[in-house]
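So you can see what is in the structure, the chains are spelled out below.
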Amino acid sequence: MRVSVTFCLLVFGITTLSFAGEPARLTANVQRSGGLTITEGNQPLFQIELGAFAANWQMTSATAPAKYAISNTPERNFSIRTATGAVVNGVATYSEQNGAVGAKYQFTPASDVSLHTLHASAEFPVAALAGAKWTAGDKNGKFPDAYKDAGLFSGEIKTLSIELPRGLTLTWTFHEPTQVLLQDNRQWGPTVSVRIGPQGEKNYKKGETVKLGFNLSATGGIAMSWDQPVTITAGPEWVPLNLQLDIEAGSALDFSNMGLLDAPAGKFGRVIARPDGQFAFEKDPQTARRFYGVNFCFSALYISHEDADRLADRLMRLGYNAVRVHHYEGELVSGQPNSTTLNSEKLDQLDYLLAAFAKRGLYITTDLFVSRPVPNKEVGIDRPGNVEMDTYKILVPVVPAAYENFKAFSKALLDHVNPYTKLRYADDPALAWLSMINEGMFGNFMDKVRKVPEWTLAWNKYLEKQYPSRGALAAAWKNELKDSEDQTKGTVELPTNIYAGGARVGDCHSFFAATDREMIAKMRKFLTEELKCKALITNANAWTNFLSDQASRMTYDYVDDHFYVDHPHFLEQPWRLPSKCDNTSPISGGATGGRYTTFTRLFDKPFTITEYNYSCPGRFRGVGGILTGALGAIQNWGGIWRFAYCHSRDNELQPRPMNYFDMVTDPLGQASERASLCLFVRGDMKPAPHAVSVATTEQEALTTRPMPKLAPNWHWLAWVTKVGTQIGGDPKSITALLPAGEASRTAAGPLAALQAYQPDVPALMDLLKSKGILSASNPTDPTKNIFQSETGEITIDAGKNVMLLDTPRTAGGYAPAGQSIVTADKGVSISIQDSDATVWVSALDKEPISKSKRLLVTHLTDLQNTDIKYGEKARQTLLDWGKLPHLVRAGKAKVIIKNSNPNMKVWALSTSGKRIGEVPRFAERATRDPGIIEFTADVAGDAQGGARMCYEIGEK
């Protein structure tokens, strides 16, 4: 959920304050869309965007016209397409007077529309405002270091000021008393909101202009600039890359001999789920197994036999040991008389590809429904065309014809014998995991659920079981039950907003959990009894996650979830440019990506992430993949799949420009995978030895009111120790602390000071220290967004924007230009120059870095397409993808490694792993101290050879 800091200022004039003679401390950059980016030095402080909240509280942001001539003028034209499709046109006007910013906005609806707000919206990261003082009229207070309550202040005021701990004060001045709400959003995301202006639903008339305005001043003043589009081309700052897709056998980039695979898949029997929450093989149950893979989608799965072997060899050498078959059904049923008959030509291609994967030791997961085109008539809907994808997902549990269609396709697929393996899909141990319906959680689609009569019928039958009479329901719901509603007559409506509180919503959560359990029980019986399929089963893997969902997940074999960072937000049309992403450093925000999903895990079941990405064209994606591998290692997850390797057969066979998700078109993202493989699959980063759980009984998980969102406010703890959920134990204590592997829950005792999902930070920190999770030397401080794992192997310092990896076999991290990354024993020291970068060293043999005879050094700055075009300097609005070649941001890093082997040499590598030139070591250091390897990683080290990202260190 994205939560904004919203300013709704019904002010028709502006007043500016003077800071004459003082240098401007902040910069306000006017965006193409009419908003502002406020920066302090080189770091964004907050952003002001224009937008609207629709009547259902869905927020949409302003966009610039498609054909937009931008210039250094005070005005910017924009438009807002609301969640209901209504359009509001507008003009933003800015002025600078003596170091302060004045702003005026005009919003003019193109048609009548009902909205909660028309606003200028700013979003402060928690780290920027934690501990800051606010003064609103004659009231004052502090933004808390840790979350306590959402509402901090509400009232009508004439001035608002925010004093940051470092002495910077921001001031808004209004011409008339204006409604202001201060809100802490940490239960939804890492932001703090200040909403200024009248609240409540209002009907806006066509052509009636709403004028908003404010003046913004700051200590030290604010300088203004007008943003310009940015096009990236080759030059001193951007070096062309010669991309080769296949990996040279035996090279430093060939991970196939690292022990991450054991071919063929199924060599040790089926993948099984152990009761301690780990995967293993049925013939080797004592050894826990982890899997790291990639998604393949659409036509990328349907290629010639020759290309399939080439692709499987490539994946093997890249180090993957798993694959997810995704969005596969469209081509598989193409040209057939119905949606459950398989195309023999496409099936042969899929058969061969999966056999090629299995032959090389790659295990396979898929979903039994992703996006298969199903005609309406096949599910009993009498109209032409196909069922919309997400609608089909919510028909399966309540419409018998849809469920039978699901079964028929599943039977056609799983009963099929692959001629290249001689096994039915249902019998093939390489097909290890099955998700029933991709991203099909019912709460994802409340608007669709409410339109299906069968859902309303099932809802009322559920309520009638819980409340036999209308009087019983009225007593439980009180004024929430309408006079016209009676569950015994089938007239009780489903809620409109699954995130709203109240008894109706709480019961709906329990109803959804019960429906999912019933559906999965039927599916399991069908798969195991009728099809004799032994693959592990899961479901419910994305978006809406509440405590009640865990009561359903406890019936699965393993638990799965998805997450994204910098996922594109489409400004005009779905999956069409322009698109927008935050494009800010995940480290500076406390590395929140994936933290929320850690609580989806049940401690007695294996946990996987089958979709994640730090998406293109975000400039920090090089560190993102590594964060996920590290998080999975600390948490001791069972599997991680990057979304995706490829969406198109055209892209996987020859170099193509990067797109939003595909590793095959993103050499930078692909290079970052090697750190994840070492940290997670090879086990370079140790799991946390302790665990902290949300512990509850099944009944409590279903009846807690209001129903809590699954991830509590202390999800930051995922960077320190293992976290997750347990069903069973003391029903009076929803939060419990236990050593890893301990079957029983801790007694209330020290937990008495904790408030379920919202414990006080000091109390929680004291408890962690008393249990030995936080040592005296651990610098973890959630109030400052500083986190260190209890093993000491990863440290995240949001304030410094630095991440440190410190394991014996993989070490390095991320830092801005001018800062250094140094391990505790100074065995690896990296000084970042010229450009922010992620740099690390991995031993390629079984020795630690200090003794290894073969090392891989990776230096990742940023990578973009030639002629890629953005709407502004912050590179958040993507206007054009550009073309090949890829361009790598120039930058240098001084690398110092302690290593006991003399005469080690350094070579720059191509993307295939081939040595393209020896890199000189610092001669003076090599002579003085042969136990030290010192060299400069330089992206532009050899103009003829193209950009460099990887280096091999060895004796020959």
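Residues numbered from 1 in each chain as written. Predicted model: local features only at pLDDT ≥ 70, side-chain atom pairs only at ≥ 80, totals over all residues. Heavy atoms only, no water.

Peer 1: What am I meant to see in the overall build of the chain here?
Peer 2: The secondary structure content of the chain amounts to 17 helices and 54 strands. The C-alpha extent of the chain, read off along each of the three principal axes, is 75 × 75 × 60 Å. The buried share among the 956 residues of the chain stands at 61%. In the chain, once contacts between residues fewer than 6 apart in sequence are set aside, the share between residues at least 24 apart is 70%. About 35,200 Å² of surface is accessible on the chain, with carbon and sulfur atoms providing 50% of the total. Averaging the locations of the 101 positively and 100 negatively charged side chains of the chain gives two centres separated by 1 Å. (Helix = DSSP H or I, 4+ residues; strand = E, 2+ residues; numbered from the N terminus. Buried < 20%, exposed > 50% of the residue type's maximum accessible area, 1.4 Å probe, protein only. Contact = heavy atoms within 4.5 Å. Areas by Shrake-Rupley, 256 points an atom, 1.4 Å probe, with all protein chains shown as cover. Lys, Arg positive; Asp, Glu negative; His and termini not counted. Charge placed at Lys NZ, Arg CZ, Asp CG, Glu CD.)

Peer 1: I tried to follow the pattern of salt bridges on my own but got confused; where do I start?
Peer 2: Side chains that carry opposite charge are capable of pairing whenever their charged atoms lie near each other. For the structure shown, the criterion picks out 36 salt bridges. For Asp-246, the salt bridge is made with Arg-314, and the minimal N-O distance between the two is 2.8 Å. Within this pair, whereas Asp-246 is found in the loop between β19 (238-240) and β20 (271-273), its partner Arg-314 is found in helix α2 (residues 305-318), the two being separated by 68 residues in sequence. Judged by relative accessible area, which is 2%, Arg-314 ranks as buried. Residues Arg-621 and Asp-862 are paired through a salt bridge, measuring 3.8 Å at the closest nitrogen-oxygen approach. Within this pair, whereas Arg-621 is found in helix α12 (residues 621-635), its partner Asp-862 is found in the loop between β45 (854-860) and β46 (863-866), the two being separated by 241 residues in sequence. For Asp-862, a relative accessible area of 3% gives the class buried. Ionic contacts of the salt-bridge type, sharing partners, join the residues Lys-411, Asp-415, Arg-424 and Asp-427 into one network. (Salt bridge = Lys/Arg side-chain N within 4 Å of Asp/Glu carboxyl O.)

Peer 1: Help me out: how do you make sense of helix α16 (residues 761-770) in this one?
Peer 2: The α-helix advances 3.6 residues per turn, and as a result positions three or four apart in sequence lie on the same side. Listing the buried residues of α16 in full gives Val-761, Leu-764, Met-765, Leu-767 and Leu-768. Seen along its axis, α16 keeps its buried residues to an arc of 160°; they face one direction. Structural note: α16 exposes Pro-762, Asp-766 and Ser-770 on the side pointing more than 90 degrees away from its buried face. Looking one or two residues beyond α16, the residue adopting positive phi is Gly-772, at roughly 80°. (Arc of directions from axis to C-beta.)

Peer 1: Sorry, what's going on with the packing of aromatic side chains here?
Peer 2: The relation between two aromatic rings is expressed through the spacing of the ring centres and the mutual angle of the planes. Under the counting rule described, the total for this entry stands at 50 aromatic pairs. The interplanar angle of 50° and the centroid separation of 6.1 Å between the aromatic rings of Tyr-660 and Phe-661 together place this pair among those described as tilted. In this structure Tyr-660 comes out as buried when scored by relative accessible area, which is 10%. What links up through ring pairs into an aromatic cluster is the set Phe-268, Phe-279, Phe-281, Phe-291, Tyr-363, Trp-433, Tyr-558 and Trp-641. It is Lys-894 that lies over the ring of Phe-922; its NZ or CZ is 5.8 Å from the centre. (Phe/Tyr/Trp six-rings, centres within 6.5 Å; stacked < 30°, edge-to-face > 60°. Lys NZ or Arg CZ within 6 Å of the ring centre and 35° of its normal.)

Peer 1: Hey, could you run me through the environment of Lys-489 in this one?
Peer 2: Topologically, Lys-489 is positioned in the loop between α9 (470-477) and α10 (503-530). Note: C-alpha distance between Lys-489 and Glu-464 (25 residues apart in sequence) is 9.4 Å.

Peer 1: Help me out: how do you make sense of the packing of helix α8 (residues 453-466) against α10 in this one?
Peer 2: Axis angle and axis distance: for two packed helices, these are the angle between their axes and the distance between the axes, and together they describe the pair. α10 packs onto α8 with a crossing angle of 105° between their chain directions and a minimal axis gap of 10 Å. On the basis of the axis angle, α8 is roughly perpendicular to α10. In this structure, α8 contributes Trp-455, Ala-458, Trp-459, Tyr-462 and Leu-463 to the contact, and α10 contributes Arg-504, Asp-507, Cys-508, Ser-510, Phe-511, Phe-512, Ala-514 and Thr-515. In terms of residue class, the contact of α8 with α10 is built from nine nonpolar, two polar and two charged. (Axes fitted to C-alpha atoms, helices over the stretch in contact; angles between N-to-C directions. Parallel < 35°, antiparallel > 145°, perpendicular 65-115°, else oblique. Nonpolar A, V, L, I, M, F, W, Y, C, P; charged D, E, K, R; others polar.)

Peer 1: I keep staring at the confidence of the model for the chain and nothing clicks. Help me out?
Peer 2: Of all residues in the chain, 92% have pLDDT values of 70 or greater, and the mean over the chain is 89. Every residue in residues 1-23 is under pLDDT 50, and counting partners more than four places away or in other chains gives 93 contacts. Within the model, pLDDT remains below 50 along residues 738-755, and this stretch shows 31 contacts once partners closer than five positions in the same chain are excluded. (pLDDT = per-residue confidence, 0-100.)

Peer 1: Explanation requested: the packing of α12 against helix α14 (residues 667-681) in the structure shown.
Peer 2: At a minimum axis separation of 8 Å, α12 and α14 run at an interaxial angle of 15°. Put simply, α12 runs roughly parallel to α14. Relative to α14, α12 is oriented so that their crossing is right-handed. From α12, Arg-621, Gly-622, Gly-625, Ile-626, Gly-629, Ala-630, Gly-632 and Ala-633 reach across to α14, where they touch Leu-668, Ser-672, Ala-675, Ser-676, Leu-679 and Phe-680. In the contact of α12 with α14, the residues fall into seven nonpolar, six polar and one charged. (Left-handed = near helix turned anticlockwise from the far one by under 90°.)

Peer 1: What is the right way to look at the side chain of Arg-809 in this model?
Peer 2: Here Arg-809 is to be found in the loop between β40 (802-806) and β41 (810-815). With no salt bridge to any partner, buried Arg-809 finds its closest opposite charge in Asp-684, at an N-O distance of 4.1 Å. A distance of 2.6 Å separates a polar side-chain atom of Arg-809 from the backbone oxygen of Asp-845. Beyond its immediate chain neighbours, meaning those up to four positions away, Arg-809 contacts Arg-682, Asp-684, Val-841, Ser-842, Ala-843, Asp-845, Lys-846, Glu-847, Pro-848 and Ile-849. (Polar contact = N/O pair within 3.5 Å; in protein donor to acceptor, adjacent residues only side chain to side chain.)

Peer 1: Is there a simple way to think about the sheet that holds strand β22 (residues 284-289) in this case?
Peer 2: Strand-to-strand pairing in sheets goes through backbone hydrogen bonds, with the strands running parallel or antiparallel. In spatial order, the strands read β20-β21-β22; together these three strands make up an open sheet with antiparallel pairing. Looking at the sheet topology across the chains shown, the edges are occupied by β20 and β22. Averaged over all pairs of adjacent strands, the angle between their axes in this sheet comes to 45°, without regard to strand direction. Relative to strand β21 (residues 279-281), β20 is paired through three bridges, and the arrangement is antiparallel. Residue pairing for β21: Ala-273 is matched across the bridge by Phe-279. (Pairing = 2+ DSSP bridges.)

Peer 1: Just to check I follow, could you spell out the environment of Thr-610 for this structure?
Peer 2: Within the element layout of this structure, Thr-610 appears in strand β33 (residues 607-614). In this structure, the C-alpha to C-alpha distance between Thr-610 and Phe-563, residues 47 residues apart in sequence, is 9.1 Å. Other than its neighbours up to four places away in sequence, Thr-610 contacts Asn-295, Arg-324, Asn-541, Asp-560, Asp-561, His-562 and Trp-641. In terms of polar contacts, Thr-610 uses its side chain to reach the side chain of Asp-560, at 2.6 Å. Engagement of the side chain of Thr-610 in a polar contact is seen with the side chain of His-562, the distance being 2.9 Å.

Peer 1: Please clarify how the pairing of strand β8 (residues 100-109) should be interpreted in this entry.
Peer 2: If a strand is regular, its side chains alternate between the two faces of the sheet. With seven of ten residues buried, β8 is to be regarded as a mostly interior element. Direction of pairing for strand β7 (residues 87-97) relative to β8: antiparallel, over a ladder of ten bridges. Looking across to β8, one finds that Gln-97 is bridged to Ala-100. From the end of β7 to the start of β8, which pair antiparallel, there are two residues, and Asn-98 there has a positive phi angle of about 55°. Sheet topology places β8 next to strand β16 (residues 210-218); seven bridges connect them, and they run antiparallel. Across the sheet, the residue bridging to Tyr-105 is Leu-212, located in β16.

Peer 1: I'm lost on the side chain of Arg-595 in this one. Help?
Peer 2: Checked against the element boundaries, Arg-595 lands in the loop between β32 (579-580) and β33. Buried within the structure, Arg-595 lacks any salt-bridge partner; its nearest side chain of opposite charge belongs to Asp-184, at an N-O separation of 11 Å. Side-chain polar atoms of Arg-595 contact the side chain of His-715, separated by 3.1 Å. Those residues in contact with Arg-595 that lie beyond four places of it in its chain are Gly-590, Leu-631, His-715, Trp-716, Ala-718, Trp-719 and Phe-787.

Peer 1: Quick question: what am I supposed to make of the sheet that holds strand β25 (residues 363-369) here?
Peer 2: In space, the eight strands of this open sheet follow the order β29-β28-β25-β24-β23-β34-β33-β30, with parallel pairing throughout. Strand pairing shows two members of the sheet lacking a second neighbour, β29 (536-538) and β30 (559-565), which therefore form its edges. Neighbour to neighbour, the strand axes of the sheet diverge by 25° on average, direction disregarded. Sheet contacts for helix α6 (residues 400-414): β25 and β28 (431-437); angle to β25, the most-contacted strand, approximately 155°.

Peer 1: Would you take a moment to explain unusual backbone geometry for this structure?
Peer 2: Among all residues except glycine, the phi angle is most often negative; among peptide bonds, the trans geometry is most common. The peptide bond linking Ala-263 to Pro-264 adopts the cis configuration, its omega dihedral lying at -5°. With respect to the helices and strands, Pro-264 occurs in the loop between β19 and β20. A cis geometry characterises the amide bond from Arg-705 onward to Pro-706, with omega recorded as -5°. Residue position: Pro-706 is located in the loop between α15 (698-703) and β36 (722-727).

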